[in-house]
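What the coordinates show
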Amino acid sequence: MPTPRETILAALNARLSALPATALRSEVLPERVPAGGLLILRDGEPGEPEVTLSPLRYHYQHRAEIEAVVQGTARDAAFDTLTASIGAALAADRTLGGLCDWVEAEAPRPVDLPVDGAASLKAAVIPVVLHYTTADPLG
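Keep in mind that what you see is a predicted model, and the values were worked out from it rather than measured.

What about unusual backbone geometry?
In this structure, the amide linkage connecting Ser-54 to the following residue, Pro-55, adopts the cis form with an omega of 0°. You can see Pro-55 is positioned in the loop between strand E3 (50–52) and strand E4 (57–71). You will see that Ser-26, though not glycine, has its phi angle at about 55°, which is positive. Structurally, the position occupied by Ser-26 is in the loop between strand E1 (22–25) and strand E2 (38–45). By relative accessible area, which is 43% here, Ser-26 ends up partly exposed.

Points about the pattern of salt bridges
Scanning the entire structure with this criterion turns up seven salt bridges. Across the pair Glu-67 and Arg-42 runs a salt bridge whose closest N-O atoms are separated by 3.0 Å. With Glu-67 in strand E4 and Arg-42 in strand E2, the pair connects residues that are 25 residues apart, well separated along the chain. By relative accessible area, Glu-67 is classed as partly exposed at 22%. In this structure Arg-42 comes out as partly exposed when scored by relative accessible area, which is 22%. Among the ionic pairs, Arg-75 bridges to Asp-112, the shortest N-O distance being 3.7 Å. Of this pair, Arg-75 sits in helix H2 (residues 75–92) while Asp-112 is found in strand E6 (residues 111–115), placing the two residues 37 residues apart along the sequence. We classify Arg-75 as partly exposed; its relative accessible area is 22%.

Some thoughts on H2
In this model, H2 (18 residues) spans 25 Å end to end at C-alpha, consistent with the 26 Å of a helix rising 1.5 Å per residue. Every buried residue belonging to H2 is among Phe-79, Leu-82, Thr-83, Ser-85, Ile-86, Ala-89 and Leu-90, and all of these are buried. Along the axis of H2, the buried positions cluster into a sector of 155°, meaning they face one direction only. Seen from the buried face of H2, the exposed residues on the opposite side, beyond 90 degrees, are Asp-80, Thr-81 and Ala-92. Considering only its buried residues, H2 is in contact with helix H1 (4–17), E2, E4, strand E5 (102–105) and strand E7 (118–134).

Here is what the cut-offs are and how they apply
Residues numbered from 1 in each chain as written. Predicted model: local features only at pLDDT ≥ 70, side-chain atom pairs only at ≥ 80, totals over all residues. Heavy atoms only, no water. Helix = DSSP H or I, 4+ residues; strand = E, 2+ residues; numbered from the N terminus. Buried < 20%, exposed > 50% of the residue type's maximum accessible area, 1.4 Å probe, protein only. Salt bridge = Lys/Arg side-chain N within 4 Å of Asp/Glu carboxyl O. Expected span 1.5 Å × (residues − 1). Arc of directions from axis to C-beta. Contact = heavy atoms within 4.5 Å.

Take it as geometry only, folks, not as evidence of what the structure does.
Spelled out as structure tokens, the structure:
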């Protein structure tokens, strides 16, 4: 049985997979960026939980990361559309079907990356904070 952390990350990945961009999880950047863009979900860092007693609960603010990449001549517009679609997908259900207390993305910090012999890439890491509670930090 998967842990709450894994269940939440899988639900987030499923939400990203419903977008027009290609969504991957914990993969390396492929040689080619699909026309609709590329999203790579990184598991990130759960951080130090706040702990409450009676009953014992661990409250996490897990920081996952989404790498968003677009390529082409209209990459600024494509990047804007892609990041807006991520925001809309997260806003549609801030609890990922009740798995999380709250899901919130932070603003991207885009960069343009030159590519020899091809259109440059526009990419950013979008931090996503997943608020959830577990009874066991390993389970």
